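Observations on chain architecture
Read off the chains here:
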Amino acid sequence: QRYATTRDQHLCTKAILTNGVLAMVNTVMFLITGTALFVYYRFQSDHLGGLPAADAILPFFIARELPAGLAGFVIAGIFAAAQSALSTGLNSTATVIVTDFLQRFGRKRADVQWLRAARWITVILGVVAIMLAIVLAVAGVESAFDTYQQIIGLSASGLCGLFLLGMLSRRANLPGAVAGIVASIVALSYVQSQTETHVYLYAFVGVAACTGIGYLVSRLTARWHAPRAGLTIFEPPEGAKRDLLL
């Protein structure tokens, strides 16, 4: 949604690149924070009494070690960031459901009706999100983050593989895309249940399986689905300037 609101393709490219840089900066900051907490409690292990779970180390540190005023500001910032991220995700998901499914396959309605439907869908999705959070809280999972990585690997790595397949191959087609998604799910399910592969490699496995199998099936079915020009990184879209893609 953010990229779609830019005035032209050049600004969209800049927005994507800026987001990529900031994402790397955020990741480094998170890793530094985790490393600092590890080092702190390495030398202050007697302060770990009462830690409910490893995932709770950051709020545990905030509640136990930070001064009262500073802890309040940090907690307020965390709640504000969580609220922003959750509301953005709910609104985006509701928009996708309305525009890509209900409007496409349903009967024609006035815009105000679609807006009302999107609001109700947002409410329903919010309730589902809260219920899932409660399930994770009471299910006794060893690591909520690892569980999140498993779920996001199954759902998102295939999407990333599809983007790479479409961007890097002129031969990509619908049978290849479907085969790639199925291969991603099967490969990740096997890796998660039958191997001791680290959780951080789940996404790579899913992306590699989707892209590789998708490309192979696309080549095998190429005579039924002719490739289209102007859809990969190797050539600009029709009517677009090449410098906008750089």
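Heads up: the structure comes first, above all this text.
1. A look at the overall build of the chain
Along the backbone of the chain there are 7 helices and 0 strands. Secondary structure elements in the chain, listed N-terminal to C-terminal, are α-α-α-α-α-α-α. Once the C-alpha set of the chain is aligned to its principal axes, its extents read approximately 70 × 50 × 40 Å. A buried classification covers 21% of the 246 residues belonging to the chain. Long-range contacts, defined as pairs at least 24 residues apart, comprise 58% of the intrachain contacts of the chain with a sequence gap of at least 6. For the chain, the accessible area works out to roughly 17600 Å², and carbon and sulfur atoms hold 68% of it. Averaged over its 18 positive side-chain charges, the chain has a centre that lies 15 Å from the centre of its 12 negative ones.

2. Description of helix H3 (residues 68-105)
An α-helix turns once per 3.6 residues; consequently, residues spaced three or four apart project the same way. Between the first and last C-alpha of H3 there are 54 Å, a value that for 38 residues agrees with the 56 Å anticipated at 1.5 Å per step. At valine 98, H3 is deflected by roughly 30°, the largest bend along its length. Looking at H3, one finds that the buried residues are Ala71, Leu90, Ala94 and Val98. Those residues of H3 that are buried lie in contact with helix H2 (57-65) and helix H4 (111-138).

3. A few points about the packing of H3 against H4
The N-to-C vectors of H3 and H4 enclose an angle of 130°; their axes lie 9 Å apart at closest approach. Looking at the two axes, H3 sits oblique to H4. In terms of crossing hand, the pair formed by H3 and H4 is right-handed. Note on element contacts: H4 touches H3 through Trp114, Ala118, Ile121, Thr122, Leu125, Gly126 and Ala129, opposite Leu86, Leu90, Asn91, Thr93, Ala94, Ile97, Val98, Leu102 and Gln103. Looking at the contact of H3 with H4, its residues break down into 11 nonpolar, 5 polar and no charged.

4. So, helix H1 (residues 9-43)
With 35 residues, H1 extends 52 Å from end C-alpha to end C-alpha; this agrees with the ideal 51 Å at 1.5 Å per step. Taken residue by residue, H1 has Cys12, Thr13, Leu37 and Tyr41 as its buried positions. Buried positions along H1 lie against H2. The backbone nitrogen of histidine 10 has a side-chain oxygen 3.1 Å away, supplied by the residue at the start of H1, namely aspartate 8.

5. Description of a nonpolar patch on the surface
A grouping of Leu159, Phe163, Met167, Leu168, Ile233 and Phe234 is seen on the molecular surface, where their side chains present a nonpolar patch of about 590 Å² in accessible area. By the secondary structure assignment, methionine 167 is in helix H5 (residues 144-168).

6. Brief notes about the packing of aromatic side chains
Per the stated rule, a full pass over the model turns up 4 aromatic pairs. Aromatic side chains tyrosine 41 and phenylalanine 60 sit 6.3 Å apart centroid to centroid with 50° between the ring planes, which places their arrangement in the tilted category. Here the residue tyrosine 41 occupies a position in helix H1, and phenylalanine 60 occupies one in helix H2, the gap between them amounting to 19 residues. The two residues tyrosine 41 and phenylalanine 60 agree in class, both being buried. Relative to phenylalanine 61, the ring of tyrosine 41 lies with its centre 6.3 Å away and its plane at 85°, an arrangement referred to as edge-to-face. Here the residue tyrosine 41 occupies a position in helix H1, and phenylalanine 61 occupies one in helix H2, the gap between them amounting to 20 residues. Accessibility assignment for this pair places tyrosine 41 and phenylalanine 61 in one class, buried.

What counts as what
Each chain carries its own residue numbering, running from 1 in the direction its sequence is written. Whole-chain, interface and lining totals are the exception, using all residues; otherwise, since this is a predicted model, local features are given only for residues with pLDDT of at least 70 and side-chain atom pairs are given and counted only at 80 or more. Hydrogen atoms and water are omitted, and side-chain values are computed over all heavy atoms in the structure. Under the DSSP-based scheme used, a helix requires at least four consecutive residues in state H or I and a strand at least two consecutive residues in state E, with every element numbered from the N terminus. Three exposure classes are used, based on accessible area relative to the maximum for each residue type with a 1.4 Å probe and protein chains only: buried under 20%, partly exposed in between, and exposed over 50%. Whether two residues touch is decided by their heavy atoms; if any such pair falls within 4.5 Å, the residues are in contact. We get accessible surface area from the Shrake-Rupley algorithm with a probe of 1.4 Å; when it comes to residues, only the shown protein chains can shield them. Only four residue types enter the charge count, namely Lys and Arg as positive and Asp and Glu as negative; His and the chain termini do not. Where a charge lies is defined by one atom per residue type: Lys uses NZ, Arg uses CZ, Asp uses CG and Glu uses CD. What a helix is expected to span follows from its residue count: subtract one and scale by 1.5 Å. Two axes are fitted around each residue, one to the seven residues ending there and one to the seven starting there, and the angle between them is reported as the bend at that residue. For helices, the fitted line uses only the C-alpha atoms of the stretch in contact; every axis is such a line through C-alpha atoms, and the angle between N-to-C directions lies from 0 to 180 degrees. Between 65 and 115 degrees an angle is taken as roughly perpendicular, under 35 as roughly parallel, over 145 as roughly antiparallel, and anywhere else as oblique. For any pair of crossing helices, the crossing counts as left-handed if the nearer helix is rotated counterclockwise from the farther one by less than a right angle, and right-handed if it is rotated clockwise. Gly is put with the polar residues, along with every residue not named as nonpolar or charged; the nonpolar set is Ala, Val, Leu, Ile, Met, Phe, Trp, Tyr, Cys and Pro, and the charged set is Asp, Glu, Lys and Arg. In protein, a polar contact requires one atom able to donate a hydrogen and another able to accept it; more generally it is a pair of N or O atoms within 3.5 Å, and residues adjacent in sequence count only if both atoms are side-chain atoms. Patches draw on residues past 30% relative accessible area with no salt bridge. Two like charges within 9 Å are joined, as are two nonpolar side chains (Val, Leu, Ile, Met, Phe, Trp, Tyr) within 5 Å. By convention in these notes, a salt bridge is any Lys or Arg side-chain nitrogen within 4 Å of a carboxyl oxygen on Asp or Glu. Aromatic pairing here means that ring centres of Phe, Tyr or Trp (its six-membered ring) are within 6.5 Å. Orientation follows from the plane angle: under 30 degrees is stacked, over 60 is edge-to-face, and everything else is tilted.

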